[in-house]
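One-letter residues, chain by chain:
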Amino acid sequence: MSRSRVFEWFARFRDGREVTDDDEKCGRPRSSRTDENVERVQALVRSDRRMTIEMIAESLNMSVGSVFTIMTEDLKKKKLCARFVPHTLTTEQKEHRIASSEDLIAAADEDPNFLKTIVTGDESWCLEYDPETKRQSSEWTSPGKGRPMKVRASKSKTKTMLLVFFDSRGIIHHEFLRQGSTVTGAFYKDVLHRLLKRMRRS
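This text gives an overview of the structure that appears in the document. (Residues numbered from 1 in each chain as written. Predicted model: local features only at pLDDT ≥ 70, side-chain atom pairs only at ≥ 80, totals over all residues. Heavy atoms only, no water.)

### Observations regarding the pattern of salt bridges
And then number 1: On inspection of all chains with the given rule, the structure shows 3 salt bridges.
And then number 2: The closest approach of N and O atoms between E8 and R12, which form a salt bridge, is 2.9 Å. Residue E8 and its partner R12 are both found in helix 1 (residues 3-14); the two are separated by 4 residues, about one turn of the helix. The pair formed by E8 and R12 is uniform in burial state, with each residue classed as buried. (Salt bridge = Lys/Arg side-chain N within 4 Å of Asp/Glu carboxyl O. Helix = DSSP H or I, 4+ residues; strand = E, 2+ residues; numbered from the N terminus. Buried < 20%, exposed > 50% of the residue type's maximum accessible area, 1.4 Å probe, protein only.)

### Quick look at a nonpolar patch on the surface
And then number 1: Taken together, the side chains of L104, L115 and I118 define a hydrophobic patch exposed on the protein surface, amounting to about 260 Å² of accessible area.
And then number 2: Structurally, the position occupied by L115 is in the loop between helix 5 (91-110) and strand 1 (120-127). (Patch = residues over 30% accessible without salt bridge, like charges linked within 9 Å, V, L, I, M, F, W, Y side chains within 5 Å. Areas by Shrake-Rupley, 256 points an atom, 1.4 Å probe, with all protein chains shown as cover.)

### Some details on the pairing of strand 3 (residues 170-176)
And then number 1: Where strand 2 (residues 159-167) and strand 3 come together, 6 bridges link them in antiparallel fashion. Counted as the bridge partner of F165 is H173 from strand 3. (Pairing = 2+ DSSP bridges.)

### Quick look at the packing of helix 2 (residues 35-47) against helix 3 (residues 53-60)
And then number 1: With their axes 11 Å apart at the nearest point, helix 2 and helix 3 run at an angle of 120 degrees to one another. One way to sum up the angle between helix 2 and helix 3 is to call them oblique. Of the two possible hands of crossing, helix 2 and helix 3 adopt the one that is right-handed. When helix 2 is examined against helix 3, the residues R40, V41, L44 and V45 are found in contact with a partner set consisting of I56, S59 and L60.
And then number 2: Residue classes in the contact of helix 2 with helix 3 are distributed as 5 nonpolar, 1 polar and 1 charged. (Axes fitted to C-alpha atoms, helices over the stretch in contact; angles between N-to-C directions. Parallel < 35°, antiparallel > 145°, perpendicular 65-115°, else oblique. Left-handed = near helix turned anticlockwise from the far one by under 90°. Contact = heavy atoms within 4.5 Å. Nonpolar A, V, L, I, M, F, W, Y, C, P; charged D, E, K, R; others polar.)

### Details of a positive patch on the surface
And then number 1: A cluster of basic side chains, namely K197, R198, R200 and R201, defines a positive patch on the protein surface.
And then number 2: Mapping R200 onto the fold places it in helix 6 (residues 185-201). (Lys, Arg positive; Asp, Glu negative; His and termini not counted. Charge placed at Lys NZ, Arg CZ, Asp CG, Glu CD.)

### A closer look at the packing of aromatic side chains
And then number 1: Tallied over the full model, the rule gives 2 aromatic pairs.
And then number 2: A centroid spacing of 5.8 Å and a plane angle of 80 degrees characterise the contact between F187 and Y188, whose relative ring orientation is edge-to-face.
And then number 3: Owing to a relative accessible area of 14%, F187 belongs among the buried residues under this scheme.
And then number 4: Note on Y188: relative accessible area 27%, which makes it partly exposed. (Phe/Tyr/Trp six-rings, centres within 6.5 Å; stacked < 30°, edge-to-face > 60°.)

### Describing the side chain of S63
And then number 1: Residue position: S63 is located in the loop between helix 3 and helix 4 (64-74).
And then number 2: Polar contacts involving the side chain of S63 include one to the side chain of S66, which spans 2.8 Å. (Polar contact = N/O pair within 3.5 Å; in protein donor to acceptor, adjacent residues only side chain to side chain.)

### Brief notes about the side chain of E175
And then number 1: Structurally, E175 can be placed in strand 3.
And then number 2: You can call E175 buried: its relative accessible area is 13%.
And then number 3: Only 2.7 Å separates the side chain of E175 from the side chain of H173, close enough to count as a polar contact.
And then number 4: A polar atom in the side chain of E175 sits 2.8 Å from the side chain of R194.
And then number 5: In this structure, E175 is in contact with M161, L162, L163, V191 and R194, ignoring residues within four places of it in sequence.

### Observations concerning helix 5
And then number 1: The terminal C-alpha atoms of helix 5 lie 29 Å apart, and with 20 residues this matches the ideal 28 Å at 1.5 Å per residue to within 8%.
And then number 2: With 0 of 20 residues buried, helix 5 is to be regarded as a mostly surface element. (Expected span 1.5 Å × (residues − 1).)

### Examining the nonpolar core
And then number 1: Core analysis: the biggest nonpolar cluster contains 15 residues, and V41, I56, V67 and M71 have the highest contact counts within it.
And then number 2: When residues of this core are traced back to their parent elements, those giving at least two are helix 2, helix 3 and helix 4.
And then number 3: If we ignore the near neighbours within four places in the chain, the residues touching M71 are V41, V45, I53, I56, K76 and K77.
And then number 4: Core analysis: the next-biggest nonpolar cluster, separate from the first, contains 8 residues, M161, L163, F187 and L195 among them. (Core = buried A, V, L, I, M, F, W, Y, C linked by side-chain atoms within 4.5 Å.)

Put into structure tokens, the structure is as follows:
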């Protein structure tokens, strides 16, 4: 049984139907899944990509099940939530990244060992503790016993930054941000000096 058919039957049973046969509907064809309706749905979605299945069905005088089938099976569409990004890049920044990527590709083509010479750095805030999740607090209980209690806990306000530098072989250097320190250009300059010393020793 297809997913769309399950949705259609569920909607009918919810409305009080007791059989799965299609009923004659005034002003609506027995089968709404036609080439014309597929084009109508596609045109409506192009005008507003945030429309729900219910809104499309109401606008085109079609059933929710038919619209869902057209969207998922005929048009091969699925609804996704927008991904959050911290900021957008300007045209100049995008062109700079493209040029840098092309330089890296050219260097990798010329030298097979080029990727082994790249060192990557990353930073992450580390909390002193994390509250126990709902799944972590689950436990086996005997029949008749109630649900175990769990007090809501907030995340730790004490945190420190971890800086890690690594290459293709693994971690080269790592350090924590000292208490009271501020991440500035001078701070990163000292970090890079310590990184170079570690690389020379290895």
